[in-house]
Amino acid sequence: MKKRLFAFLSMILIAVFLFTSCGGDKQAETVELTLAHAWATTHLVHVELQKWVDEVYEATDGRVKITIYSGGALSGPVELYDSLATGVADLAWFLQGYTPGKFPMTSVIELPFTVPNSIVGSQVSWELYETFPGYKNEYEDDGVRVLGIWCVDPGQLSTTKLKVTNLDQVKNMKIRVGSASQVATGEALGMVPLLAPINELYDSLQKGVFDGVLVGASAIKTFNLQDVISYVTILGAFTNTHSLGINQAAWDKISKQDQDTIMGLSGMKLSRQIGEAFNAEMTEGLNLAKNAGAEFVYPDDTELARWQDACSGIYDDWIADMNSKGYNGQSLFNKAKELIAKYS
């Protein structure tokens, strides 16, 4: 009798063990991951990502714990995407423009005078990622799953000494730009575009290395540019894309239940949320510049059309370049314009 009871209890224990070990999901497992970015802890990207990390922890009942390494502690800003793809970081913020040629499809959103604001650009970017054929391959071929894509606020021209009221005045001006796509825009406008890290911007403007900068007004607040600029010409010339990605191997450690929970906090929701944060930071940056005495220039429609016309060849060149790489450039360009109209 005792032997039969012992055998019965043993079978129950084995069944419980098998159920909890192989029950089709990893619900009981706690996963600890790293998230790397290049910003200071005061920057809006860090603030928004910290909110997201806290939401993920709470929504998964602590099963997914993410530790943020800020300020390039795990990897420099230019190397962050490679660090993500190779698993140096489990998750990472990255700026597509830091790796020229790597994200040709994503670059459609960075074409000049295309996106009206960061909120629209962020929503368009996520929908393209989700729906346009081949868009995800730019990332998934490297084993990277994108959790959010957002745009910064549109680039304005901030200058130190010259008040720019018309296109002719920028000829041969040394203007700092932040990505390879902006180099083409600067050249089309007649500038001498200089690609340089943004953390060097304040000193370079102060020392006269640059005559000005094409950058979103949110950067005025982030880098205290109100101290070194005198004029802001409102152009809405371009936008940049940023992303949050997770290494596929790290993603696979998370249970299906918690993956679904994380995606409910990510995707369009996260993309729009950070786009809205950049839009709010833009307003704060413009107010800082105004209060510091900067003079604002608002070109009329006729003058603004001159700037836009100067860049018109960039669209055809981009489409031709995309076609040469085996993509349907015109189809992607048309879809981006359609979605911009939809979200505007």
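Residues take numbers from 1 onward in each chain, read along the sequence in its written order. Note on the predicted model: pLDDT of at least 70 is required for a residue's local features to be given, and 80 or more for side-chain atom pairs to be given and counted; whole-chain, interface and lining totals, by contrast, use all residues. Computation of side-chain values: all heavy atoms of the structure, hydrogens and water removed.

This paragraph deals with the overall build of the protein chain. Secondary structure summary: the protein chain contains 14 helices and 11 strands in total. Out of the 344 residues belonging to the protein chain, those deemed buried represent 50%. Every residue pair with non-hydrogen atoms within 4.5 Å of one another is taken to be in contact. In the protein chain, of all internal contacts separated by at least 6 residues, the share reaching a separation of at least 24 is 76%. The averaged location of the 40 negative side-chain charges in the protein chain is 7 Å from the averaged location of its 27 positive side-chain charges. We count a stretch as a helix when DSSP gives it H or I for four or more residues in a row; a strand needs E for two or more, and each element gets its number in order from the N terminus. Each residue is assigned to one of three classes by its accessible area relative to the maximum for its type, calculated with a 1.4 Å probe on protein chains only: buried under 20%, partly exposed between the two thresholds, exposed over 50%. Asp and Glu are treated as the negative residues and Lys and Arg as the positive ones, with His and the ends of the chain left uncounted. Every charge is mapped onto a representative atom, which is NZ of Lys, CZ of Arg, CG of Asp or CD of Glu.

All right, on to the packing of aromatic side chains then. Between rings of Phe, Tyr and Trp, where Trp is taken as its six-membered ring, a pair exists when centres lie within 6.5 Å; planes separated by under 30 degrees are stacked, by over 60 edge-to-face, and by other angles tilted. Evaluation of the coordinates by the stated rule reveals 11 aromatic pairs. Between Phe-94 and Tyr-139 the ring centres are 6.1 Å apart and the planes differ by 45°, which places this aromatic pair in the tilted class. Within this pair, whereas Phe-94 is found in strand 3 (residues 91-95), its partner Tyr-139 is found in helix 5 (residues 137-140), the two being separated by 45 residues in sequence. Each member of the pair, Phe-94 together with Tyr-139, is buried. Measuring from ring centre to ring centre gives 5.8 Å for Tyr-315 and Phe-333, while their planes differ by 45°; the resulting arrangement is tilted. In this pair, Tyr-315 is assigned in helix 13 (residues 312-324) and Phe-333 in helix 14 (residues 329-343), connecting sequence segments 18 residues apart. Taking relative accessible area as the criterion, Phe-333 reaches 15% and is therefore assigned buried.

Confidence of the predictor at the level of single residues is captured by pLDDT, which takes values from 0 to 100. Looking at the protein chain as a whole, its pLDDT mean stands at 92, while 92% of the residues score no less than 70. In the model, residues 8-28 has pLDDT below 50 throughout and makes 11 contacts with residues more than four positions away in sequence or in other chains.

Take the packing of helix 4 (residues 118-131) against helix 11 (residues 267-291) next. Only the stretch in contact is used when fitting a helix axis, every axis being a line fitted to C-alpha atoms; angles between N-to-C directions are given from 0 to 180 degrees. Relative to each other, helix 4 and helix 11 sit at 160°, their axes nearing to 7 Å. Between helix 4 and helix 11, the interaxial angle falls into the category roughly antiparallel. Helix-helix and strand crossings are classified by hand; for helix 4 and helix 11 the assignment is right-handed. Two secondary-structure elements touch here, helix 4 through Ser-118, Ile-119, Ser-122, Gln-123, Trp-126 and Glu-127 and helix 11 through Gly-267, Met-268, Ser-271, Arg-272, Gly-275, Glu-276, Phe-278 and Asn-279. Here the term charged refers only to Asp, Glu, Lys and Arg, the term nonpolar to Ala, Val, Leu, Ile, Met, Phe, Trp, Tyr, Cys and Pro, and the term polar to all other amino acids, Gly among them. In terms of residue class, the contact of helix 4 with helix 11 is built from four nonpolar, seven polar and three charged. Here roughly perpendicular refers to angles of 65 to 115 degrees, roughly parallel to angles under 35, roughly antiparallel to angles over 145, and oblique to all remaining angles. With the far helix as reference, a near helix turned anticlockwise by less than a right angle produces a left-handed crossing, and one turned clockwise produces a right-handed crossing.

We now examine the pairing of strand 10 (residues 241-247). In terms of residue burial, strand 10 counts as a mostly covered element, since seven of its seven residues are buried. A two-sided burial pattern is seen for strand 10, the buried positions comprising Thr-241, Ser-243, Gly-245 and Asn-247 on one face and His-242, Leu-244 and Ile-246 on the other. Of the pairings in the sheet, the one linking strand 3 to strand 10 comprises five bridges and is antiparallel in character. Opposite Ala-92, over in strand 10, you have Gly-245 as the bridge partner. What makes two strands pair is DSSP finding at least two bridges between them.

Bridging between strand 1 (residues 31-36) and strand 2 (residues 64-69) involves six bridges; their strand directions are parallel. When the bridges of strand 2 are listed, Leu-35 appears paired with Ile-68. In this fold, the crossover linking strand 1 to strand 2 by way of helix 2 (residues 44-59) has right-handed handedness. The crossover handedness rule: strands pointing away from the viewer, path from first strand over the helix to second strand clockwise, crossover right-handed.

Locating Ala-289 in the fold gives a position in helix 11. With a relative accessible area of 0%, Ala-289 lands in the buried category. The spacing of Ala-289 and Lys-221 is 68 residues in sequence and 8.5 Å in space, taken between C-alpha atoms. Not counting residues up to four positions away in its chain, the partners in contact with Ala-289 are Ile-220, Gln-226, Ile-229, Ala-294 and Phe-296.

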